Amino acid sequence: ESVRVRLAMWHTVVLGTLLVALAGAAYLFLERTTSRHMDQYLAETANAFGIELLAERHDATSNQAAAMEAVREFRFRDLHISVYDPAGHPVAMSAAGPSPRDANGEAQPAFDPRRLGRTIAARQFSGPTLLTLADREGGYRVYAMPIRLDGQMYVITVAQGLHDQQETLDGARAALGVAIPVTLLLAGFGGYLLARRSLHPVVAMSEHAARISSTNLHERLPVTNPRDELGQLAGVFNGLLARVDHAFEQQRRFMTDASHELRTPVAIMQGEADIALSRSRRTSQEYRESLVVIQDEGRRLSRIVNDLFLLARADAGQQPLARTELYLNEVIADCVRTVRSLAAQRRIELRCRAEEDAPFRGDEGMLRRLVLNLLDNAIKYSPPGALVQVELSREETRHRVTVSDSGPGIPPDAQAHVFERFYRVDRARTRNESSETSGAGLGLAIARWVAEAHGGQLTLVRSSEAGSEFALTLPAEATAQAAEPIPTSVQAALR
């Protein structure tokens, strides 16, 4: 089950296959080369003997005498030269020497000329022929060449023992049989050490990763060489740890802020109830005032809970959008009418430039919530007598909605955080202001999610002492990109 063992085994198997194939090819090459050289040597000797035999025939009185003289002239320690008639009877042959011995000093089978004669008698020679006389030690290789002397046909044979060649091949097989297993054993051991050394960073990373938990997510895996595969793996894992650490930090901050936001209205409601019940006798007006406070805080608490539920479902990717055919200009105009009373209370001038038809396919309730969040923030943070302006325009293949105000602007250090959950620039602002949103710092976070769910984008274009401007861009095509729809029950609760 160890990767190191598997790598070592695969390394050994692959190397063994290559070694066996290479050894087999080398053995075949050695065998064929040796046989070819022997056949060439026998052929050259037979041709030379034939020339000598023809020369001796001019001086000899008979063919037999010429053959015997030629045999006496050609003496080779490892060759047996003979002349046979077509019936296989020897006419002349080299003298029989002592039996050859192998490397261990054991006698090898001697050459049998009568067996060769029977073989010649059984064949019809039309040209040079190679024969092999087999025996228990490898046999003899014979080159037979027909020759004509004074009109009579004879056969010249040159034979050489295959025993030395067989011993050489046996020694080569034995050497390969020992060398290959030893090489594979050493290669397997070396492959295991190499795999162990190569995978040591992985073991170190796994041990280090096992010590990382939710309490020390800031730790990272050691990277020995960032350019190799293991270094890249460690870098990817460190990137994952960084994202998880960031997600955990956001989750902790989210839980802290959520508990703080939920605790305040609950504490107010409990305090009002305690005050109302602290005396046995109170007027109906006093009870009514306490119930109004409890009702307002209950509504605010309900909005916060709904917003939290929406964001939780958004994070889980379980929010289907109820898409319908609509016109963005009508949605914007409806939102402007909704907040006119709020703007009038704060003496804010509200202008809307959305007269051109802008067909779009999306979730009308979610888009209304997005625009209302932007308008609510613009009105809330603008001083009395200021101007809040909404404008809808077309930019090539996208719709652009801008909401600008004349408020004091957002501080530069806070502009990067305005879309974060529970983030409010002015936390000291009263909680009892009339608002279309929860006032818990979730409005812009929800607005950005709605924009991205429709394939668009919500950005802060500018913010200074002269005011702020938010821009919403949505695809002008009828089928915007679908992402993270909201169930109907949730949509109804959010409306």
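Residues numbered from 1 in each chain as written. Predicted model: local features only at pLDDT ≥ 70, side-chain atom pairs only at ≥ 80, totals over all residues. Heavy atoms only, no water.

With that settled, consider helix α3 (residues 113-121). For α3, the complete set of buried residues consists of Leu 116, Gly 117 and Ile 120. Down the axis of α3, the buried side of the element spans an arc of 105 degrees, and every buried residue falls inside it. Across α3 from its buried face, at more than 90 degrees, point the exposed residues Arg 114 and Arg 118. Elements in contact with the buried residues of α3: β1 (79-84), β3 (129-133), β4 (140-149) and β5 (152-161). (Buried < 20%, exposed > 50% of the residue type's maximum accessible area, 1.4 Å probe, protein only. Helix = DSSP H or I, 4+ residues; strand = E, 2+ residues; numbered from the N terminus. Arc of directions from axis to C-beta. Contact = heavy atoms within 4.5 Å.)

This brings us to the sheet that holds β3. Sheet strands pair via backbone hydrogen bonds, and the direction of the pair is either parallel or antiparallel. Sheet architecture is open: five strands sit in the order β2-β1-β5-β4-β3, paired in antiparallel fashion. One side of each edge strand has no neighbouring strand; the edge strands of this open sheet are β2 (90-93) and β3. Strand-to-strand twist of the sheet, defined as the mean angle between neighbouring strand axes without regard to direction, takes the value 25 degrees. Here helix α2 (residues 63-73) sits on the sheet in contact with β1, β2, β4 and β5, set at roughly 25 degrees to β2. Here α3 sits on the sheet and contacts β1, β2, β3, β4 and β5; the angle it forms with β3, its principal contact strand, is near 135 degrees. (Pairing = 2+ DSSP bridges. Axes fitted to C-alpha atoms, helices over the stretch in contact; angles between N-to-C directions.)

Moving on, we come to unusual backbone geometry. Positive phi outside glycine occurs at Arg 347, with the angle close to 55 degrees. Judged by relative accessible area, Arg 347 falls into the exposed class, the value being 60%. Phi at Glu 396 is positive, roughly 55 degrees, even though this residue is not glycine. Within the fold, Glu 396 resides in the loop between β9 (387-395) and β10 (398-404). Residue Glu 396 is classed as exposed on the basis of its relative accessible area, which comes to 74%.

Residues with a pLDDT of 70 or more make up 87% of the protein, whose mean pLDDT is 81. Taken as a whole, residues 427-434 scores under 50 in pLDDT and shows 15 contacts with residues more than four places along the chain or in a different chain. Confidence drops under pLDDT 50 across residues 478-495; counting only partners more than four residues distant or on other chains, this segment forms 52 contacts. (pLDDT = per-residue confidence, 0-100.)

Let's shift gears to the pairing of β2. Judged from the three bridges that link them, β1 and β2 form a sheet pairing that is antiparallel. Of the residues in β2, the one forming a bridge with Ser 82 is Met 93. Between β1 and β2, which pair antiparallel and follow one another directly, the connecting turn spans five residues, one of which, Gly 88, has a positive phi of 90 degrees.

As enumerated under the stated definition, the model contains three aromatic pairs in all. Arranged with centres 5.6 Å apart and planes meeting at 85 degrees, the rings of Phe 49 and Phe 74 form a pair that is edge-to-face. One end of the pair, Phe 49, is in helix α1 (residues 3-59); the other, Phe 74, is in the loop between α2 and β1, with 25 residues separating them in the sequence. For Phe 74, a relative accessible area of 16% corresponds to the buried category. When the centroid spacing of 6.0 Å and the interplanar angle of 45 degrees are considered together, the rings of Phe 74 and Phe 76 count as tilted. Residue Phe 76 is classed as partly exposed on the basis of its relative accessible area of 35%. Taking NZ or CZ as reference, Arg 448 lies 3.9 Å from the ring centre of Phe 419, over its face. (Phe/Tyr/Trp six-rings, centres within 6.5 Å; stacked < 30°, edge-to-face > 60°. Lys NZ or Arg CZ within 6 Å of the ring centre and 35° of its normal.)

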